[in-house]
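# Descriptive structure summary
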Amino acid sequence: MDFLRSIRIATGGMRAQAGRMRVVSENIANANSTADTAGGDPYRRKVPTFRTSFDRELQATTVQLGPVRQPQGEFQTRFDPNHPAADARGMVKVPNVNSLVEAMDMREAQRSYEANLNVVTSTRRMLQRTIDLLKA
Amino acid sequence: MAAADIPIFSMLRDRMRWHQDRQKLLAENVANAETPGYRARDLRSPSFDELVQGNAGSGIGTLRTNERHITGSVQGGSRFQVRRDTGVVTTPDGNRVNLEDEMLKVAQNQMDYQAVTGLYQRSLGLIRTALGKR
């Protein structure tokens, strides 16, 4: 049944977006997670990647969540001598999480998720029409 | 005589299959809306001639020049011609899916499908009337 295949492709897309949402929420939750030892590294932002693969069973290109990567680079610092993570100069490394970027990413994931859901709903209606032919 | 032997039914069935295949491609496009380098695809709509002659979507097959040859066909793939969308905006990561366009196509596909199934039902009703069941 080809309609069920379409639904499964869209479900794969929804699963990938849900995984992205999980990574984004992890970032937002850890936006203030500094180290607890002097001069230690704070939380490093995680970035989800998407991977296209050809599903032999569905005979279609589906999408999956690829490996979650962590962009390398220097952290920004903040002056706070009393913080447990402060180094000799009194500077504390803060996570490279920008809540504005994360919020944008979240919106994007939501939009994509809704689009996939829309495909599922539409395909289900078409399937229902096919079944209704029996009643004719 | 099966219902499929009546030209109108075979035509409508071909059209329904076309919509089914198109829905699958559109689902792929939407699912890959954010995959870098992915290009949107769509089905070429069958021409009137193809529908009337009933060879819409003969697809890719092997040519038999000897009757002892085995016929082959591409398995699983669509019987209809797939084309890549052109003239859409490409994002910096090489993705060529316009989510709004795809949503519009999904809605259109669904409505057209409803029209076709409606026609199918009406045609069945006609036959029923001819049989005197109403």
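Since the model is a prediction, treat every value here as computed from it, not as a measurement.

Opposite the 31 residues of chain B that make contact, chain A presents 34 residues. Where chain B abuts chain A, roughly 2,800 Å² becomes buried across the two surfaces, and 57% of that area is made up of carbon and sulfur atoms. The salt bridge involving B:Glu100 is made with A:Arg111; its shortest N-O contact spans 3.0 Å. Between chain B and chain A we count 14 residue pairs in polar contact (both at pLDDT 80 or more) in total. For the side of chain B that touches chain A, the secondary-structure elements that each account for two or more residues are helix 1 (7–31) and helix 3 (99–131) of chain B. Sort the elements by how many residues they give to the side of chain B that touches chain A and helix 3 of chain B lands first, with 14 residues. Class assignment for the residues of the side of chain B that touches chain A results in eleven nonpolar, 13 polar and seven charged.

This paragraph deals with the packing of aromatic side chains. Following the criterion strictly, the structure yields two aromatic pairs over all chains and no others. For the ring pair A:Phe3 and B:Tyr113, a centre distance of 5.4 Å and an interplane angle of 90° mean the geometry is edge-to-face. Here A:Phe3 is found in helix 1 (residues 2–29), whereas its partner B:Tyr113 is found in helix 3 on a different chain. Grouping residues by exposure puts A:Phe3 and B:Tyr113 together as buried. Between the aromatic rings of B:Phe9 and B:Tyr120, the centroid separation amounts to 4.9 Å while the plane-to-plane angle is 65°, which identifies the pairing as edge-to-face. A residue pair is termed long-range when its members are at least 10 positions apart, and B:Phe9 in helix 1 and B:Tyr120 in helix 3 qualify at 111 residues. Among the residues examined, B:Phe9 registers a relative accessible area of 1% and is labelled buried.

What counts, and where the lines are drawn
- Residues numbered from 1 in each chain as written.
- Chains lettered and ligands numbered in written order.
- Predicted model: local features only at pLDDT ≥ 70, side-chain atom pairs only at ≥ 80, totals over all residues.
- Heavy atoms only, no water.
- Contact = heavy atoms within 4.5 Å.
- Buried area = accessible area lost by both parts, 1.4 Å probe.
- Salt bridge = Lys/Arg side-chain N within 4 Å of Asp/Glu carboxyl O.
- Polar contact = N/O pair within 3.5 Å; in protein donor to acceptor, adjacent residues only side chain to side chain.
- Helix = DSSP H or I, 4+ residues; strand = E, 2+ residues; numbered from the N terminus.
- Nonpolar A, V, L, I, M, F, W, Y, C, P; charged D, E, K, R; others polar.
- Phe/Tyr/Trp six-rings, centres within 6.5 Å; stacked < 30°, edge-to-face > 60°.
- Buried < 20%, exposed > 50% of the residue type's maximum accessible area, 1.4 Å probe, protein only.

Don't take any of this as a statement about function, it's just geometry.
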